[in-house]
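# Results of the structural survey
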Amino acid sequence: MWYVSTRGMAPRVDFEGALFSGYAPDGGLFMPEKLPQLNRETLRQWSALSYPSLVVELCALFIGPELIPRDDLNDLIHRAFRRFRHREVVRLSRLRDGLNVLELWHGATYAFKDLSLSCTAQFLQYFLQKRGKHVTVVVGTSGDTGSAAIESVRGAKNVSIIVLLPQGHCTKIQELQMTTVLAENVRVFGVEGNSDELDEPIKAVFADVAFVKKHNLMSLNSINWSRVLVQMAHHFFAYFQCMPSLDLHPLPAVEVVVPTGAAGNLAAGCIAQKMGLPIHLVAAVNCNDIIHRTVQRGDFSLSETVKPTLASAMDIQVPYNMERIFWLLSGSDSQMTRGLMEQFERTQSVSLPEELQSKLSAAVTSESVSDEAIMQTMARCWQENQSLLCPHTAVAVSYHYQQMLRQTPSPPRCCLAPASAAKFPEAVVAAGLSPETPMEILALEGKETRCTPMRKSDDWTVMLRDTIENMGRQWRATS
């Protein structure tokens, strides 16, 4: 399996190359050169699998046994999911009025990113140990990515990690999950800015190709192909849990509602669709609605500001995985994708070509949900099911309630639940409900913290480069 850049100007790489690269050298994102097509018989076999076994099957298709032999792959995936609290790793909650909620948050940090990052960290360490190498991971986070990335590599010998979080834009629990990790291979910065602003110094550092090579830099944001790959399993598992029967012709559809910010989960769903999984995708966003505007009318342009919402991890203006979706739906047209993305980088505004927009709106529908609707949805779901939703899950479930109100005929529907309500007590209280906080989250309050401020007056790029150099020296001194 080979991977090519969405912008078509970089050499193709294998899975290991894509894993360690983050952005392609031409600024694009890596995608599989060819997608395997799944027939009814394969889907029938996969429908009986557990979630971890499904991840193994998908990864086997996209990695190849010459890089990771099948037995090793099995071991890596099962080791990745060892710390999950639910024995099935993910859980489908069947609630009133046909509401299906796929809980993806039973990992160490109570967020769906634990699923893909725990696997990605295993792949990283597998290759690093084989090659006797070290990498420095740089992550910008809007909330959950940072803590899940830290948990996946804390204490790892061959990996150092630097996380930039937007000070005051994450919940207190999200911040504490990052700042209370005092492992030697972990550094956390609190940036005076939002999640789009903190991406700027990261982009600047990664643009220095010689520096990236010298320090073996990589990112674990959802630009990393490995994360998108593992997230494809959410869509297959949701389909198998909610489909009525695989004996019908044609195969019955399932609607998967994806609450999304950077569009990684959405890109994973589009790829699964292209492989032959009969799902309808719904992109559910908060009032930072660039994805919604793009789907509805081809308006891929920044708003004047990022609006803070209750679904804070989705307070994003630049959904970088849309580039993968544009490339995929345009029939792998890298010239067109490059033109669109370069124009967007120059002007922050692009109108999609008519043909691409019509393909996008055929593959994905969308909904933008206000804070008021989030609170109403959280309150209603509790009242009807005694089930607490996090505000991001409520964005997806709000769409379900809207469709019920409209009495629109639809296939079975599954809403993805990216995080536990326990991480968002402020939103739970705002919805007039009482938070339920697990002991391990309560214990964070009493722990020592370590976080270096990045103030507006500081040169963030210089601070980041200095930290990378220091951590590299530290690793060389101890290895």
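Residues numbered from 1 in each chain as written. Predicted model: local features only at pLDDT ≥ 70, side-chain atom pairs only at ≥ 80, totals over all residues. Heavy atoms only, no water.

## Brief notes about the environment of Asp-114
For Asp-114, the location among the structural elements is in helix 5 (residues 113-131). The exposure class of Asp-114 is buried, given its relative accessible area of 4%. When the C-alpha atoms of Asp-114 and Met-31 are compared, they prove to be 22 Å apart, with 83 residues separating the residues in sequence. In this structure the side chain of Asp-114 is engaged in a polar contact, spanning 2.8 Å, whose partner is the backbone nitrogen of Thr-109. A polar contact of 3.4 Å, which involves the side chain of Asp-114, links it to the backbone nitrogen of Tyr-110. (Helix = DSSP H or I, 4+ residues; strand = E, 2+ residues; numbered from the N terminus. Buried < 20%, exposed > 50% of the residue type's maximum accessible area, 1.4 Å probe, protein only. Polar contact = N/O pair within 3.5 Å; in protein donor to acceptor, adjacent residues only side chain to side chain.)

## Regarding helix 3 (residues 51-63)
Counted at 1.5 Å a residue, the expected span for helix 3 with its 13 residues is 18 Å, and the 18 Å between its end C-alpha atoms agrees. The complete set of buried residues in helix 3 reads Tyr-51, Pro-52, Leu-54, Val-55, Val-56, Leu-58, Cys-59, Phe-62 and Ile-63. Trailing helix 3 by a residue or two, Gly-64 shows a phi angle of about 95 degrees, which is positive. (Expected span 1.5 Å × (residues − 1).)

## Some details on the sheet that holds strand 6 (residues 159-166)
Strand order in the open sheet formed by five strands is 8-5-6-7-15, with parallel pairing between adjacent strands. In this open sheet, the two edge strands, each paired with only one partner strand, are strand 8 (217-218) and strand 15 (452-454). The pairing of strand 5 (residues 135-140) with strand 8 spans two bridges and is parallel. If you follow Thr-136 over to strand 8, its bridge partner there is Leu-217. Sheet strands touched by helix 6 (residues 144-153): strand 5, strand 6 and strand 7 (186-191). Its angle to strand 6, the strand with the most contacts, is close to 165 degrees. (Pairing = 2+ DSSP bridges. Contact = heavy atoms within 4.5 Å. Axes fitted to C-alpha atoms, helices over the stretch in contact; angles between N-to-C directions.)

## Focus: the sheet that holds strand 14 (residues 413-417)
With respect to topology, six strands assemble into an open sheet ordered 3-4-14-9-10-13, the strand pairing being mixed. Looking along the sheet, the strands with just one partner apiece sit at the ends: strand 3 (91-95) and strand 13 (364-368). Shown here is a sheet whose adjacent strand axes are inclined to one another by a mean of 25 degrees, direction ignored. One ladder, built from three bridges, connects strand 9 (residues 254-259) with strand 14; its direction is parallel. For Val-256, the partnering residue across the bridge sits in strand 14 and is Cys-414. Each of strand 10 (279-285) and strand 13 touches helix 15 (residues 354-363); the most contacted strand, strand 13, lies at about 80 degrees to it.

## Structural notes on helix 8 (residues 195-207)
Between its terminal C-alpha atoms helix 8 stretches 19 Å, which fits the 18 Å expected from 13 residues at 1.5 Å a residue. Where helix 8 is concerned, the buried positions are Ser-195, Asp-196, Leu-198, Asp-199, Pro-201, Ile-202, Val-205 and Phe-206. Of the residues flanking the start of helix 8, the one acting as N-cap is Asn-194, its side-chain oxygen 2.8 Å from the backbone nitrogen of Glu-197.

## Examining the nonpolar core
Across soluble globular proteins, nonpolar side chains have a tendency to be buried as a group. In this structure, Phe-15, Tyr-51, Phe-81, Phe-123, Trp-225, Phe-236 and Leu-266 are the most contacted members of the largest nonpolar core, which totals 117 residues. Ranked by residue count, the leading element in this core is helix 10 (residues 225-242), at twelve residues. The residues contacting Phe-81, other than those within four sequence positions of it, are Tyr-51, Pro-52, Val-55, Val-89, Leu-115, Ser-118 and Cys-119. Of all hydrophobic cores here, the second largest spans 33 residues; its members include Leu-95, Val-101, Val-395 and Leu-433. (Core = buried A, V, L, I, M, F, W, Y, C linked by side-chain atoms within 4.5 Å.)

## Points about the environment of His-392
Within the fold, His-392 resides in helix 17 (residues 391-406). Under the relative-accessibility criterion, His-392 is labelled buried at 2%. In the structure, His-392 is positioned 90 residues away from Leu-302 in sequence and 21 Å away in space, judged by C-alpha atoms. Residue contacts for His-392: discarding those within four places in its chain leaves Pro-259, Ala-311, Ser-312, Ala-313, Met-314, Pro-418 and Phe-424. Among the polar contacts listed, one links the side chain of His-392 to the backbone nitrogen of Ser-312, at a separation of 3.4 Å.

## Here's the deal with the packing of helix 16 (residues 371-385) against helix 17
As a packed pair, helix 16 and helix 17 sit with axes 8 Å apart at the nearest point and diverge in direction by 80 degrees. Taken together, the axes of helix 16 and helix 17 lie roughly perpendicular to each other. Within the contact between the two elements, helix 16 uses Ala-373, Ile-374, Thr-377, Met-378, Arg-380, Cys-381, Glu-384 and Asn-385 and helix 17 uses Pro-391, Ala-394, Val-395, Val-397, Ser-398, Tyr-401 and Met-404. Among the residues forming the contact of helix 16 with helix 17, the class breakdown is ten nonpolar, three polar and two charged. (Parallel < 35°, antiparallel > 145°, perpendicular 65-115°, else oblique. Nonpolar A, V, L, I, M, F, W, Y, C, P; charged D, E, K, R; others polar.)

## A closer look at unusual backbone geometry
With an omega of -10 degrees, the peptide bond between His-249 and Pro-250 qualifies as cis. Tracing the backbone shows Pro-250 in the loop between helix 10 and strand 9. Phi angles above zero are rare outside glycine, and Val-89 is one such case at about 75 degrees. Among the structural elements, Val-89 can be located in the loop between helix 4 (70-80) and strand 3. For Val-89, a relative accessible area of 4% puts it in the buried group.

## Describing the UniProt feature "domain: Tryptophan synthase beta chain-like PALP" (unreviewed entry) in the chain
Mapped onto this numbering, the UniProt entry annotates "domain: Tryptophan synthase beta chain-like PALP" (unreviewed entry) at residues 104-398. Note that residues 104-398 is 51% helix and 16% strand, and that its end C-alpha atoms are spaced 18 Å apart. (UniProt positions renumbered as here; feature names shortened; annotations may be inferred.)

## Let's talk about the packing of helix 5 against helix 10
Interaxial distance between helix 5 and helix 10 falls to 9 Å at its minimum, and their mutual angle equals 135 degrees. One way to sum up the angle between helix 5 and helix 10 is to call them oblique. Between helix 5 and helix 10 lies a crossing whose hand is right-handed. Seen from helix 5, the contacting residues are Lys-113, Leu-115, Ser-116, Leu-117, Cys-119, Thr-120 and Phe-123; seen from helix 10, they are Ser-226, Arg-227, Val-230, Gln-231 and His-234. Along the lines of polarity and charge, the residues of the contact of helix 5 with helix 10 split into five nonpolar, five polar and two charged. (Left-handed = near helix turned anticlockwise from the far one by under 90°.)

## Topic: the state of the cysteines
Per the stated rule, a full pass over the model turns up zero disulfides. Counting only cysteine sulfurs, Cys-414 is the nearest neighbor of Cys-270, a cysteine outside any disulfide, at a range of 16 Å. Not engaged in a disulfide, the cysteine Cys-415 finds its nearest cysteine sulfur in Cys-414; these two sulfurs lie 6.8 Å apart. (Disulfide = S-S within 2.5 Å.)

## Describing the side chain of Gln-317
Inspection of the secondary structure assignment puts Gln-317 in the loop between strand 11 (299-301) and helix 13 (322-329). The class of Gln-317 is buried, set by a relative accessible area of 9%. Engagement of the side chain of Gln-317 in a polar contact is seen with the backbone nitrogen of Ser-303, the distance being 2.8 Å. Setting aside chain neighbours within four positions, we find Gln-317 in contact with Asp-196, Ile-290, Leu-302, Ser-303, Glu-304, Thr-305 and Val-306.

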